[in-house]
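The residues making up each chain are set out below.
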Amino acid sequence: MITLYSTYCPKCKILEKKLDQAGIQYDVCKDRNIMEQKGFDFMPVLDVDGQIMDFGEAAKWVNERG
């Protein structure tokens, strides 16, 4: 299961576009309360089966699959 935690900032939009272009299916969570509860203090965050990635890690992960 893949979840993109997004505030629709510029980096969030870039990562969402990369996921779409790679044909990767994912859910989007834009609930700031949930992000706060999880302790996320940066955006975007990509959660792949419990592995939390920041923008750089997520972009690399997507590029390896695209």
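Residues numbered from 1 in each chain as written. Predicted model: local features only at pLDDT ≥ 70, side-chain atom pairs only at ≥ 80, totals over all residues. Heavy atoms only, no water.

### So, helix α1 (residues 10-21)
Convention followed: Counting from the N terminus, the helices are DSSP H or I runs at least four residues long and the strands are E runs at least two residues long. Here the expected span of a helix is defined as 1.5 Å times the quantity of residues minus one. Three labels apply to residues, based on accessible area from a 1.4 Å probe with only protein chains included: buried if under 20% of the type maximum, exposed if over 50%, partly exposed otherwise in between. Think of the arc as the fan of directions from the helix axis to the C-beta atoms. Residues are treated as being in contact if the distance between any of their heavy atoms lies within 4.5 Å.
Across its 12 residues, α1 extends 17 Å between first and last C-alpha, which sits within 8% of the 16 Å expected from 1.5 Å per residue. Every buried residue of α1 is listed here: Cys12, Leu15, Glu16 and Leu19. All buried residues of α1 fall inside an arc of 100° around its axis, so they share one side. Structural note: α1 exposes Pro10, Lys13, Lys17 and Gln21 on the side pointing more than 90 degrees away from its buried face. Looking at the buried residues of α1, the elements they touch are β1 (2-5), β2 (27-29), β3 (45-48) and α3 (55-65). Gly23 sits one or two positions beyond α1 and adopts a positive phi of about 75°.

### Some words on unusual backbone geometry
Cis peptide bonds are those with omega within 30 degrees of zero, and the linkage from Met43 to Pro44 qualifies with -5°. Unlike most non-glycine residues, Tyr8 shows phi in positive territory, near 60°. With respect to the helices, strands and loops of the structure, Tyr8 is situated in the loop between β1 and α1. Here Tyr8 falls in the partly exposed class, since its relative accessible area comes to 35%. If you check the backbone angles, Asp49 has positive phi at about 50° while not being a glycine. Mapped onto the elements of the fold, Asp49 is located in the loop between β3 and β4 (51-53).

### Remarks on the environment of Thr7
If you trace the backbone, Thr7 turns up in the loop between β1 and α1. The exposure class of Thr7 is partly exposed, given its relative accessible area of 26%. Linking Thr7 and Leu19, residues 12 residues apart in sequence, is a C-alpha distance of 16 Å. Here Thr7 is in contact with Cys12, Arg32, Met35 and Met43, once residues within four sequence places are set aside.

### Let's talk about the sheet that holds β1
As a reminder, the rule being used: By the convention used here, strands pair only if DSSP detects at least 2 bridges between them. Each axis is a line fitted through C-alpha atoms, and for a helix only the stretch in contact is used; angles between axes span 0 to 180 degrees, taken between their N-to-C directions.
Taken together, four strands build an open sheet; the order of strands is β2-β1-β3-β4 and the sheet is mixed. Pairing within the sheet leaves two strands with one partner each, and these edge strands are β2 and β4. Adjacent strand axes in the sheet meet at a mean angle of 20° when their direction is disregarded. In the sheet, β1 pairs with β2 via three bridges, with the strands oriented parallel. Residue pairing for β2: Leu4 is matched across the bridge by Val28. Contacts from α1 reach β1, β2 and β3 within the one sheet, and its direction differs from that of β1 by about 155°.

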